[in-house]
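# Architecture and fold: a report
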Amino acid sequence: MKKIVLSAIVVAATAASLSAASIAACAGCHGAGFEKAALGKSQIVKGWDEAKIVASLSGYKAGTYGGAMKGVMLGQVKNLTDADIADIAKQIAAMK
Ligand code: HEC
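Reading the values: rules and limits
The numbers attached to residues start from 1 for each chain and follow its sequence in the written order. In keeping with the model being predicted, local features are shown solely for residues with a pLDDT of at least 70 and side-chain atom pairs are shown and tallied solely at 80 or more, while totals for entire chains, interfaces and linings include all residues. Runs of E in the DSSP output that reach at least two residues are strands. Runs of H or I that reach at least four are helices, and both are numbered from the N terminus. Here the contact rule is simple: place C-beta atoms from the backbone, and any two residues whose C-beta atoms are within 7 Å are in contact. As used in this record, a residue near a molecule or strand is one whose C-beta atom, placed from the backbone, is within 6 Å of it. Any residue outside Ala, Val, Leu, Ile, Met, Phe, Trp, Tyr, Cys, Pro, Asp, Glu, Lys and Arg is labelled polar, Gly included; the first ten of those are nonpolar and the last four are charged. Under the convention used throughout, the expected extent of a helix is 1.5 Å for every residue step, that is, one less than its residue count.

### Looking at the overall build of the chain
Each helix and strand in the chain was counted, giving five helices and zero strands. When the helices and strands of the chain are listed from N to C terminus, the series reads α-α-α-α-α. Contacts in the chain between residues at least 24 apart in sequence constitute 45% of all its contacts with a sequence separation of at least 6.

Quick look at the structure:
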């Protein structure tokens, strides 16, 4: 199981390098529609509004938000600009 998750992350990370604001990199942990608890730990992000997603992602980047596994998310957001975060939040909030 662990191996499957890790290879999914590698694939996702490769896809992410094509576009900084791609949410493809998130699917390995959060599910393609953000319907899963990432690594069994995160809250389910699907259904969140844009402002809440921006606040959490910016918070992970700044080190002011998160739980026991926030280091995982710091790795995901540390190279994103504020514009990337806004774009990502818009894409996730638009998911139905
Ligand atoms: C390697 C697995 C992994 C990847 C890839 C990943 N996340 Fe996460 N994400 C997590 C975990 C674990 C948490 C909970 C961290 C914590 O303890 O705060 C989380 C939390 C979050 C939260 C806040 C939910 C909460 O529990 O407060 C958001 C929003 C989020 N991730 C968005 C994203 C986005 C957007 C991407 C892609 C750019 C992404 N994640 C990629 C594992 C991942």
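### Some remarks on the site of the ligand
The full set close to the ligand counts 25 residues, and Cys26, Cys29, Ser42, Gly66 and Gly67 are the nearest of them. Looking at the shell around the ligand, the elements with two or more residues in it are helix H2 (27–30), helix H3 (50–62) and helix H4 (70–77). In terms of residues, the shell around the ligand owes the most to one element, H4, which gives four residues. The residue inventory of the shell around the ligand, partitioned by class, reads 15 nonpolar, eight polar and two charged.

### Quick word on helix H5 (residues 82–93)
The end-to-end C-alpha separation of H5 is 16 Å, in line with the 16 Å expected for 12 residues at 1.5 Å each. Residues of H5 that are buried sit in contact with H3 and H4.

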